[in-house]
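Analysis of the macromolecular model
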Amino acid sequence: MMADLKSFGSKKRVAIVTCIVILLAIYFASASYFFPQFYLSLVQQYPRPVISDVKISNSTIHLGQSFEITVVGVNKGVTSDMQTLSVSFPNMTSIQAISVMDSNFTQHPVIIDIDQEVGSHYQGTQYPVYSQYPAVESYNRPWEGGASHEISIDVTPESAGKFLVFVKSVVLPHSDTIHYPMNGTKDQQSEYVVPYSVNVVNP
Amino acid sequence: MATIGVKDFQKYHTDRFFLGSLLVSIGVLLTTTGGSWDITNHLINRPETFLSIPHTVLYTGVVVTIIGAIAMLQDYRHKRDPLKSLPTKMAVIGSLVLVGAGPADFGWHQMFGLDGLLSPTHMMLVLGMLCVSLGGLLGIRRSISSKTNPKPMLTTLLAMLPIWLAAGGMLDMLCLPFSNTAHFKFNPDPTLAVILATVAFPFLSSVILISMSSMSQKRFGYLSALGASFVAVVILTTIIPDDKIRISIPFYLINLIPIVVADIILSSSQKKPLTYLAGAILGLGFFTLYFPLITHVYNEILTTAPVWPSAIINTYFADLTKFYPIVFLPAIASGILGTIASKKLAINSTVK
């Protein structure tokens, strides 16, 4: 009887130890091999910023008059952690004559003055530079896939001639590979922009 | 496990002190889960209002905690039972700190604007939670000795979970790089944060789970139930609200394995070396148990760039697995230390 009990106890112990070893092997194999392999093999999907529309109220204005620019950005990919839509004004020397008329972004647009620290080379503030001309940066954090947002800005040019407006949209992270436009003219942040212009004539 | 019914209360002559202790524990559980959910919403930048669901859960918890602490105090003043003195004091002082933390936090926001995770008022809030949750546990354990607790183990489990969550919240506050603001640079030094996380998280898992096992006289199931409850809270408040990491639920569920294994070991043997083995296994499991937030801590010493919400899974599985060999031994040692410390917690809350 005692021998039977001892044998039963011993068998139970072996069963428990075996069970523990198997469970721990499953745990460590899953944590260090199976799940890392599985998650890293999944195809990554990315956001895709696009500027879908730019409306300028007047193509020609008299010096002293203002015009309104409305820019619509859209994310045609998956939701991005953050997406910016920037409008900059290389011919302006101050932010006094720039005002945001309307915006449906979740965060308030930021008006960037000259000599302010800004990111560059699609690396954000890891490569800071100082702004040389004013810009308006609006952003959503996150920006849902398929969603579009727009901003309307009123600007009064300071001098006659061809008045340039640069427009771009950048997503974060992966901004170095995913941005709009993908090539062309570069702005003060060494990032690609789509240039637009308004003809400013003397009255 | 059965729930507590009206008949249970009648049968055990449940008193106000027990009900107060239970309410305190439920209240802190609501507060900590609401807080965890709120942190997730901040991390994924989900727009919030004061009456968002996480805030509502959190503040409901504070109200329930205060009601519980008042009930404990009323009972203590009426009966003057010296065994109820410490739990009542802890619950009342903790509740007062919790109540005081609200206006203090409001004032801090008024003075300094947006705050980070670590701020004096947030620390005050978590200390209050920790104090009040310990009061709740002690109260529930005292109710067992006075035979007014109809479900001793279920209520003990309910009291242990908020202690774990509050202590985990405090460690998050001290380790995570979410505390630099325009006015204050409260982010911890990355190396110190990694050392603290590697030592303190395994210790915490071990001390909480082994104490639970001790308080249940090492019966199988209670340690596992507490561990599973923690896993469920993390899935519900941290993983499910963030659609970028929702896919990690199957991975996160493997955390149940070391928990069940430790439970099997502790329930099948009283030998000290095997108790230490259980602690070591629980300690080792910290690297997966405290996912996803732990990613931000370890990432800090790999790169200065923050981990974007969409990059959590890739960062954790591609970069952080490098840390496994480094954290292996400290995690085992901390888990064993947690086993030793658990005796203290279990003894202090033992039924007298």
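Summary of the structure given here. (Residues numbered from 1 in each chain as written. Chains lettered and ligands numbered in written order. Predicted model: local features only at pLDDT ≥ 70, side-chain atom pairs only at ≥ 80, totals over all residues. Heavy atoms only, no water.)

This part takes up the overall build of chain A. Within chain A, the secondary structure is distributed over one helix and 14 strands. Against the 2.2 N^0.38 benchmark of 17 Å for 203 residues, chain A shows a C-alpha radius of gyration of 28 Å, more extended than a compact globule. Projected onto its principal axes, the C-alpha coordinates of chain A cover approximately 115 × 30 × 25 Å. For chain A, restricting intrachain contacts to residue pairs at least 6 apart in sequence, the fraction spanning at least 24 positions comes to 73%. Carbon together with sulfur atoms contributes 55% to the accessible area of chain A, which is approximately 10,800 Å² in total. Of the charged side chains in chain A, 11 are positive and 16 negative; the average position of the first set lies 24 Å away from that of the second. (Helix = DSSP H or I, 4+ residues; strand = E, 2+ residues; numbered from the N terminus. Rg over C-alpha atoms; globule rule 2.2 N^0.38 Å. Contact = heavy atoms within 4.5 Å. Areas by Shrake-Rupley, 256 points an atom, 1.4 Å probe, with all protein chains shown as cover. Lys, Arg positive; Asp, Glu negative; His and termini not counted. Charge placed at Lys NZ, Arg CZ, Asp CG, Glu CD.)

Residues Tyr 33, Phe 34, Phe 38 and Leu 42 of chain A together with Ile 247 of chain B make up a contiguous nonpolar surface patch of about 480 Å² in total accessible area. Look at Tyr 33 of chain A and you get exposed, because its relative accessible area is 54%. (Patch = residues over 30% accessible without salt bridge, like charges linked within 9 Å, V, L, I, M, F, W, Y side chains within 5 Å. Salt bridge = Lys/Arg side-chain N within 4 Å of Asp/Glu carboxyl O. Buried < 20%, exposed > 50% of the residue type's maximum accessible area, 1.4 Å probe, protein only.)

Right, let's get into the interface of chain B and chain A. On the chain A side, the residues contacting the 31 residues of chain B number 26 residues. Interface area, chain B with chain A, both sides summed: about 2,400 Å², of which 73% is carbon and sulfur. On the chain B side of the interface with chain A, the three residues burying the most area are Ile 257, Trp 308 and Phe 317 of chain B, jointly 25% of the side's total. The shortest N-O distance in the salt bridge between Lys 244 of chain B and Asp 81 of chain A comes to 3.3 Å. The interface formed by chain B and chain A holds five residue pairs in polar contact (both at pLDDT 80 or more) in total. At the level of elements, helix H9 (249–253), helix H10 (256–268), helix H11 (272–284) and helix H14 (312–319) of chain B are the ones that each hand at least two residues to the side of chain B that touches chain A. In terms of residue count, H10 of chain B provides more of the side of chain B that touches chain A than any other element does, six residues in total. Across the side of chain B that touches chain A, the residue classes break down as 20 nonpolar, 10 polar and one charged. (Buried area = accessible area lost by both parts, 1.4 Å probe. Polar contact = N/O pair within 3.5 Å; in protein donor to acceptor, adjacent residues only side chain to side chain. Nonpolar A, V, L, I, M, F, W, Y, C, P; charged D, E, K, R; others polar.)

Now for the side chain of Thr 70 of chain A. Residues and elements named next belong to chain A. As for its placement among the helices and strands, Thr 70 is situated in strand S3 (residues 67–75). Polar side-chain contacts of Thr 70 include one of 2.9 Å to the side chain of Ser 152. Beyond its immediate chain neighbours, meaning those up to four positions away, Thr 70 contacts Asp 53, Val 54, Lys 55, Glu 150, Ile 151 and Ser 152.

The next point concerns the environment of Arg 219 of chain B. Residues and elements named next belong to chain B. As for its position among the elements, Arg 219 is in the loop between helix H7 (190–215) and helix H8 (222–239). Measuring from C-alpha to C-alpha, the distance between Arg 219 and Leu 58 comes to 33 Å, with 161 residues separating the pair along the chain. Once residues within four sequence positions are removed from consideration, Arg 219 is found in contact with Met 153, Ser 213, Asp 263 and Ser 267. Here the side chain of Arg 219 touches Ser 216 through a polar contact of 3.1 Å, landing on its backbone oxygen.

Residues and elements named next belong to chain B. In the structure shown here, the tally under the stated rule is eight salt bridges over all chains. Residues Lys 79 and Asp 15 are paired through a salt bridge, measuring 3.5 Å at the closest nitrogen-oxygen approach. Remark: Asp 15 occurs in the loop between helix H1 (6–11) and helix H2 (16–43) and Lys 79 occurs in helix H3 (residues 53–79); sequence separation between them is 64 residues. Judged by its relative accessible area of 41%, Lys 79 is partly exposed. The class of Asp 15 is buried, set by a relative accessible area of 9%. Salt-bridge contacts for Lys 84 lead to Asp 75; the nearest nitrogen and oxygen are separated by 3.2 Å. Because the salt bridges share partners, they merge into one network encompassing Asp 15, Asp 75, Lys 79 and Lys 84.

Time to look at the pairing of strand S10 (residues 148–155) of chain A. Residue and element names in this part refer to chain A. Taking burial as the measure, the eight residues of S10 include six buried ones, the bulk of the element. One ladder, built from eight bridges, connects S3 with S10; its direction is antiparallel. The partner of Val 72 across the bridge, within S10, is Glu 150. Of the pairings in the sheet, the one linking strand S5 (residues 98–103) to S10 comprises five bridges and is antiparallel in character. In the sheet register, Ser 99 faces S10, and the bridge partner there is Asp 154. (Pairing = 2+ DSSP bridges.)

Right, let's talk about H7 of chain B for a bit. Three or four residues apart is the spacing at which side chains of an α-helix point the same way, because the helix has 3.6 residues per turn. Residue and element names in this part refer to chain B. When the terminal C-alpha atoms of H7 are compared, their 37 Å separation across 26 residues agrees well with the 38 Å that a helix rising 1.5 Å per residue should span. The N-terminus of H7 is capped by Asp 189, whose side-chain oxygen sits 3.2 Å from the backbone nitrogen of Thr 191. Positive backbone phi, approximately 55 degrees, marks Gln 217, located one or two places after H7. (Expected span 1.5 Å × (residues − 1).)

Residues and elements named next belong to chain A. Note: strand S2 (residues 60–62) against strand S14 (residues 192–201), three bridges, orientation parallel. Residue pairing in the sheet places His 62 in a bridge with Val 201 of S14. Here seven bridges tie strand S11 (residues 161–172) to S14, and the two strands are oriented antiparallel to one another. Counterpart to Phe 163 in the pairing with S14 is Val 198. What sits between strand S13 (residues 185–186) and S14 in their antiparallel hairpin is a turn of five residues, with Ser 190 showing a positive phi close to 55 degrees.

Once that is clear, we can look at unusual backbone geometry. Cis geometry is adopted by the peptide bond preceding Pro 142 of chain A, which originates at Arg 141 of chain A and carries an omega value of 5 degrees. By the secondary structure assignment, Pro 142 of chain A is in the loop between strand S9 (135–140) and S10. Phi at Ser 190 of chain A takes a positive value of approximately 55 degrees, unusual for a residue other than glycine. Within the fold, Ser 190 of chain A resides in the loop between S13 and S14. A relative accessible area of 24% places Ser 190 of chain A in the partly exposed class. Positive phi outside glycine occurs at Lys 147 of chain B, with the angle close to 55 degrees. Tracing the backbone shows Lys 147 of chain B in the loop between helix H5 (120–145) and helix H6 (152–175). Accessibility expressed as a relative area gives 63% for Lys 147 of chain B, which makes it exposed.

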